[in-house]
Amino acid sequence: METEQRGQPAGIVYFIGAGPGDPDLITVKGRGLIARADVIIYAGSLVDPAVLDVARPDAEVYDSAGLKLEAQIRVMDEAVRQGKMVARVHTGDPSIFGATLEQMRELDRLGVAYTIVPGVSSAFAAAAALGIEYTVPGDTQTVIFTRLSGRTPVPDSEALQLLAAHRSSMVIFLSAGMVPRVVEELAAAGYEPGTPVAVVYRASWADQLVVRGTLGDIATQVEAAEVTHQALIVVSPALDPAKAH
């Protein structure tokens, strides 16, 4: 990895956080880099195509959904070696479940320069949609970002039941299709059936959906809403109306 400097020449990969969905929630810097990029690789299933409206007409644009890791790295490596600037556009912020680590390891191996441009995480767009602050004075000053174990395993020491014991705010990613498991883990941690829980589908997108419920009924509500992916589960003292304001 190389630290970006003013006037840095082309021949570099920028990992850009495109924000949670709303095209206007990308940073000014991220948008400017996309406008200058020679090559753009974006997460087509997760990034609003409107984010690319500023791209140059002659820019090479690839949807990473149709490219395996090896192909993505090959495109980036060849472009950088030709002195081109690559915008690798990810959803939210690249540092949170961004699948950037495997790419950066390969670029390091090849000696390809890259730098990271942070973005707005969907966790923060979800808080905005819910109208809450995750850090509630007197209740919690900690926010945990986590997920249930699935195709990507979670260490035993980070099992949801153990994390839930802290009673801090939790934002649970990549688990919307496993809400009954989330409920089971939280109940095992001592959470009462009346504990407020929210699920935010596609935070900040035009079709955003907020499902509010309790530990006792959230699984039923989410099933009825047919939410199975692209959603965050939020468990926090901030969801208690008496503590939110």
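The structure under discussion appears in the preceding block.
Residues numbered from 1 in each chain as written. Predicted model: local features only at pLDDT ≥ 70, side-chain atom pairs only at ≥ 80, totals over all residues. Heavy atoms only, no water.

A.B. asks: How would you sum up the sheet that holds strand β8 (residues 196-201)? Please name residues and give values.
C.D. replies: Where strands meet in a sheet, backbone hydrogen bonds hold them as pairs that are either parallel or antiparallel. Taken together, five strands build an open sheet; the order of strands is β6-β7-β10-β8-β9 and the sheet is mixed. If you trace the sheet from one side to the other, it starts and ends with β6 (143-147) and β9 (209-214), each paired once. Pairwise comparison of adjacent strand axes, ignoring direction, gives a mean angle of 20 degrees for this sheet. (Pairing = 2+ DSSP bridges. Helix = DSSP H or I, 4+ residues; strand = E, 2+ residues; numbered from the N terminus. Axes fitted to C-alpha atoms, helices over the stretch in contact; angles between N-to-C directions.)

A.B. asks: Tell me about the packing of aromatic side chains, residues and numbers included.
C.D. replies: Summed over the entire model, instances satisfying the criterion amount to four aromatic pairs. Relative to Phe173, the ring of Phe97 has its centre 5.1 Å away and its plane inclined at 45 degrees; by these criteria the two rings are tilted. Residue Phe97 is located in the loop between β4 (85-90) and α3 (101-110), and its partner Phe173 is located in strand β7 (residues 169-173); the two are separated by 76 residues in the primary sequence. Between Phe145 and Phe173, the aromatic rings sit 5.8 Å apart at their centres with planes inclined by 70 degrees, giving edge-to-face as the arrangement. On the criterion of sequence distance, the pair formed by Phe145 in strand β6 and Phe173 in strand β7 is long-range, its members being 28 residues apart. (Phe/Tyr/Trp six-rings, centres within 6.5 Å; stacked < 30°, edge-to-face > 60°.)

A.B. asks: Please provide a residue-by-residue account of the sheet that holds strand β2 (residues 39-42), values included.
C.D. replies: The strand order β3-β2-β4-β1-β5 describes an open sheet built from five strands, whose pairing is parallel. Because the sheet does not close on itself, it has two edges, and the strands there are β3 (60-63) and β5 (114-117). Here the average twist between neighbouring strands, direction ignored, is 20 degrees.

A.B. asks: Before we move on, can you summarise unusual backbone geometry with the specific residues and values?
C.D. replies: Phi at Arg202 is positive, roughly 50 degrees, even though this residue is not glycine. Positionally, Arg202 belongs in the loop between β8 and β9. Given the relative accessible area of 15%, Arg202 is considered buried. For Glu226, which is not glycine, the phi torsion reads 60 degrees and is therefore positive. Relative to the helices and strands, Glu226 is located in the loop between α7 (218-225) and β10 (231-235). Given a relative accessible area of 68%, Glu226 falls into the exposed group. (Buried < 20%, exposed > 50% of the residue type's maximum accessible area, 1.4 Å probe, protein only.)

A.B. asks: Which residues make up the pattern of salt bridges, and what values go with them?
C.D. replies: Under the definition given, this model contains seven salt bridges. Two residues, Asp38 and Arg56, come together in a salt bridge whose shortest N-O distance is 2.8 Å. Placement of the pair is Asp38 in the loop between α1 (28-36) and β2 and Arg56 in the loop between β2 and β3, with a sequence separation of 18 residues. A relative accessible area of 27% means that Arg56 is categorised as partly exposed. Of the charged contacts, one joins Asp77 and Arg81 as a salt bridge, the two residues approaching to 2.5 Å between their closest N and O atoms. With Asp77 and Arg81 both in helix α2 (residues 69-81) and four residues apart, this pair spans about one turn of that helix. When its relative accessible area of 55% is taken as the criterion, Arg81 is described as exposed. Each of Asp38, Arg56 and Asp58 takes part in one network of salt bridges that share partners. (Salt bridge = Lys/Arg side-chain N within 4 Å of Asp/Glu carboxyl O.)

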